[in-house]
Amino acid sequence: MSSPAEPIPLVIVEGFLSSAGAVVWGNFEEHSNYACQSNGEQTRRTIFASVGPVSSLHDRACELFYSLVGGTVDYGREHSEENGHGRYGRTYETGLYPEWSVDRPLHFLGHSMGGPTIVKLQWLLTTGFFGKEYSPDMILSLNTVSAPFRGTQLVYSLGEDTRDAPTVRPLSPGDILSKWVHVAAYFAPVLPRFLDLHADARGLSFQHATFRSFLRQLRKSDWAESRDATPYDVTFEAADERESLQEGKVNPNTYYRSYCATLTSPYPSNPLSATSWLGRMLSLPLHVSSTIIARFDFSHLRPIPAFMDTVAAAKRASKLGSEATIEDGVIDVANGGDYLSTALRANDGVVPLFSQWHPYECRNTRCRHFSHSDNILDGSEKARYECPPEAGVWNVHHLEDTHHLSIVPFWLGSPSQKAFWLDLGHWLRAIDRAPRDREAHGWRGVRR
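Residues numbered from 1 in each chain as written. Predicted model: local features only at pLDDT ≥ 70, side-chain atom pairs only at ≥ 80, totals over all residues. Heavy atoms only, no water.

Participant: What is the right way to look at the overall build of the protein chain in this model?
Facilitator: The helix and strand tally for the protein chain stands at 16 helices and nine strands. Within the protein chain, the proportion of its 448 residues that are buried is 56%. A separation threshold of at least 6 residues defines the contact pool for the protein chain, and within that pool the share at least 24 residues apart is 76%. (Helix = DSSP H or I, 4+ residues; strand = E, 2+ residues; numbered from the N terminus. Buried < 20%, exposed > 50% of the residue type's maximum accessible area, 1.4 Å probe, protein only. Contact = heavy atoms within 4.5 Å.)

Now the structure itself:
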């Protein structure tokens, strides 16, 4: 492991349709490195790893791995044959961090789909997909912002069929978006880097596909209407499939933290109060989509999502006068059924609150929730870590009055963004300094 004077690098993984990197993330390092610099240490290196902005979690995780260690992206023979694309992608002559190993682990931060991508990467490391020499312990910390671990109803509102996913409804927003994706893929060799779709293995560019096949894909996309693309991976059906395979189980030597954003009203009380024109431009459409998510009718979904059983059980318990079990520290409520129902509809404009917490229901994982009153964005005094952090536990922080793009990736210089990066810097430094073997040092965390 790196010495205290060399902070462990942070790898940033972007979300759906996002691959601009440091160009839009801005001046966050001034705040994320405060904890290190104020203690006379070197600044922490930040690595932006580029992955397919519309690809499946599996493909994104493979691209993430090889971008770090170097080599030719190998999606696996079985996976590529099942999904009808080439087994191998592009080649990285030199990885972004070729020394990556258990002795040289990395911190990871994923925004939106970047979060589940890192979880998928850890799963592939756990199962030996890349080889027995690689371990899930190579991911020292897994941090997420607005991550759709358990899916989002917005994908159905945009066009995914509620009863026959991954079929996409014709002329829906999702269908139109898929056509633009194919245009970008076809002209990829002459487009700027930030439009890179990482579709090398699919042979969709004009260098590999005929114009006739291009037109056929515009009419009906084999990629968009497959189980090997982002839209399907954010369906509740896909999330249930991942959990049935035990994907997302916590690794005892990894530190976990999720930041979960919620909009507390369907419309901005004062749209002009945003700090900049960019802030206003980002805020307004997300308030509209937030309303769409809150009004979604779950009764149309087939198969029925697993989490609906929990909601039904909580409602039955509340009607019988008993108190449903809710994780401590979230919100104190007597009616568990009402709260769980609310958690399905509270959202950040893209992802419902419950899906941002972590993979699995709370009863099936290890987690510690912090309420809005414990909001780490309230000020720098919240970003202090006197006790060593505990590995193998999800630390869930609820962020009130924030939407899907409030914190990252677009740098607005807002007080909440600065406080977020300041806190994350303290958190990562605390992990860097923590002993790897917690029990050997006589300290155990307690699940609340």
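Participant: It is not clear to me how the side chain of S178 should be interpreted in this structure. Could you clarify?
Facilitator: Note that S178 resides in helix α8 (residues 173-186). You can call S178 buried: its relative accessible area is 10%. Ignoring anything within four residues of it in the chain, the contact list for S178 reads S221 and A224.

Participant: What is the right way to read the pattern of salt bridges from this model?
Facilitator: Should the charged atoms of two oppositely charged side chains come close, the side chains can pair. Tallying each qualifying case throughout the model produces 19 salt bridges. Its salt-bridge partner being R150, residue E243 comes within 3.0 Å of it at the nearest N-O pair. One end of the pair, E243, is in helix α11 (residues 236-244); the other, R150, is in the loop between β6 (139-145) and α7 (154-157), and 93 residues separate them in sequence. The partner of E361 in a salt bridge is R363, with the nearest N and O atoms 2.9 Å apart. (Salt bridge = Lys/Arg side-chain N within 4 Å of Asp/Glu carboxyl O.)

Participant: Would you mind showing me how to read unusual backbone geometry here?
Facilitator: Excluding glycine, a negative phi dihedral is what most residues carry, and trans is how most peptide bonds are arranged. Note that the residue after R302, namely P303, is joined by a cis bond; omega there is 0 degrees. Mapped onto the fold, P303 is located in the loop between α12 (277-294) and α13 (307-319). For the bond from V408 to P409, the omega torsion is 5 degrees, close enough to zero to count as cis. Positionally, P409 belongs in the loop between β9 (394-400) and α16 (415-433). If you check the backbone angles, Q246 has positive phi at about 75 degrees while not being a glycine. For Q246, a relative accessible area of 40% gives the class partly exposed.

Participant: Whenever I open this one, the sheet that holds strand β1 (residues 10-13) confuses me. Can you help?
Facilitator: As a general point, the strands of a sheet are linked pairwise by backbone hydrogen bonds and lie either parallel or antiparallel. Strand order in the open sheet made by the seven strands is β2-β1-β5-β6-β7-β9-β8, with parallel pairing throughout. The open sheet has two edge strands with one neighbour each: β2 (46-49) and β8 (367-370). Strand-to-strand, the axes of this sheet are offset by a mean angle of 20 degrees, without reference to chain direction. Here β6 runs beside strand β7 (residues 255-262); their pairing, made up of five bridges, is parallel. (Pairing = 2+ DSSP bridges. Axes fitted to C-alpha atoms, helices over the stretch in contact; angles between N-to-C directions.)

Participant: Would you mind going over helix α9 (residues 211-219) with me for this structure?
Facilitator: Residues spaced three or four apart along an α-helix point in a common direction, a consequence of the helix completing one turn every 3.6 residues. Along α9, the residues that are buried comprise S213, F214 and Q217. End-on, the buried residues of α9 take up no more than an arc of 105 degrees, which puts them together on one face. Turned more than 90 degrees off the buried face of α9, the exposed positions are R212 and R219. Looking at the buried positions of α9, the neighbouring elements they touch are α8. (Arc of directions from axis to C-beta.)

Participant: What should I look at first to understand the packing of helix α4 (residues 57-69) against helix α6 (residues 114-126) in this one?
Facilitator: Closest axis-to-axis distance for the α4/α6 pair is 8 Å, and the angle between their directions is 75 degrees. On the basis of the axis angle, α4 is roughly perpendicular to α6. Each of L57, H58, R60, A61, C62, L64 and F65 in α4 lies in contact with α6, whose residues at this interface are G114, P116, T117, K120, L121, L124 and L125. (Parallel < 35°, antiparallel > 145°, perpendicular 65-115°, else oblique.)

Participant: How do you make sense of the nonpolar core when you look at a structure like this?
Facilitator: Where a protein is soluble and globular, its nonpolar side chains tend to be buried together. With 52 residues, the main nonpolar core has V11, L64, L68, W100, F108 and L121 as its most contacted residues. In terms of residues, this core owes the most to one element, α4, which gives eight residues. (Core = buried A, V, L, I, M, F, W, Y, C linked by side-chain atoms within 4.5 Å.)

Participant: Could you clarify how one ought to interpret the side chain of D175 in this entry?
Facilitator: Within the element layout of this structure, D175 appears in helix α8. Only 2.9 Å separates the side chain of D175 from the backbone nitrogen of L171, close enough to count as a polar contact. The residues contacting D175, other than those within four sequence positions of it, are V168, R169 and P170. (Polar contact = N/O pair within 3.5 Å; in protein donor to acceptor, adjacent residues only side chain to side chain.)

Participant: Before we go on, may I ask you to explain α16 in this structure?
Facilitator: Helix length check: α16 (19 residues) gives 27 Å between terminal C-alpha atoms against 27 Å at 1.5 Å per residue, within 8%. The element α16 is largely enclosed, with a buried count of 14 among its 19 residues. (Expected span 1.5 Å × (residues − 1).)

Participant: Would you take a moment to explain the packing of α8 against α9 for this structure?
Facilitator: For any two helices packed against each other, the geometry comes down to the angle between their axes and how far apart the axes lie. One way to put it is that α8 packs onto α9 with a least axis distance of 8 Å and a crossing angle of 160 degrees. Comparing their axes, α9 and α8 come out roughly antiparallel. The two elements α8 and α9 meet at a crossing, and its hand is right-handed. Each of K179, H182, V183 and Y186 in α8 lies in contact with α9, whose residues at this interface are F211, F214, Q217, L218 and R219. (Left-handed = near helix turned anticlockwise from the far one by under 90°.)

Participant: Can you help me understand the pairing of β6 in this one?
Facilitator: Looking down a regular strand, the side chains alternate between one sheet face and the other. When you tally the buried positions in β6, you get seven out of seven residues, the bulk of the element. Of the pairings in the sheet, the one linking strand β5 (residues 106-111) to β6 comprises six bridges and is parallel in character. Looking at the pairing, L106 lines up with I139 of β6.

Participant: I tried to follow the confidence of the model for the protein chain on my own but got confused; where do I start?
Facilitator: In regions of low pLDDT, the predicted coordinates are not meant to be interpreted in detail. With 81% of its residues at a pLDDT of 70 or more, the protein chain has an overall mean of 84. Ignoring residues within four places in sequence, the model shows residues 265-274, a span with pLDDT below 50, making 13 contacts including any to other chains. (pLDDT = per-residue confidence, 0-100.)

Participant: In this structure, what is going on with the packing of aromatic side chains? I would like to understand it.
Facilitator: For any pair of aromatic rings, the description rests on two quantities: the centre-to-centre distance and the angle between the ring planes. Under the definition given, this model contains 30 aromatic pairs. Considering the side-chain rings of F28 and W421, the 4.3 Å spacing of their centres and the 25 degrees angle between planes classify their relative orientation as stacked. Of this pair, F28 sits in the loop between α1 (22-25) and α2 (29-32) while W421 sits in helix α16, placing them 393 residues apart in sequence. Take F28 and W421: they sit in the same class, and that class is buried. An angle of 25 degrees between the planes, with centres 5.9 Å apart, marks the rings of Y156 and F296 as stacked. (Phe/Tyr/Trp six-rings, centres within 6.5 Å; stacked < 30°, edge-to-face > 60°.)

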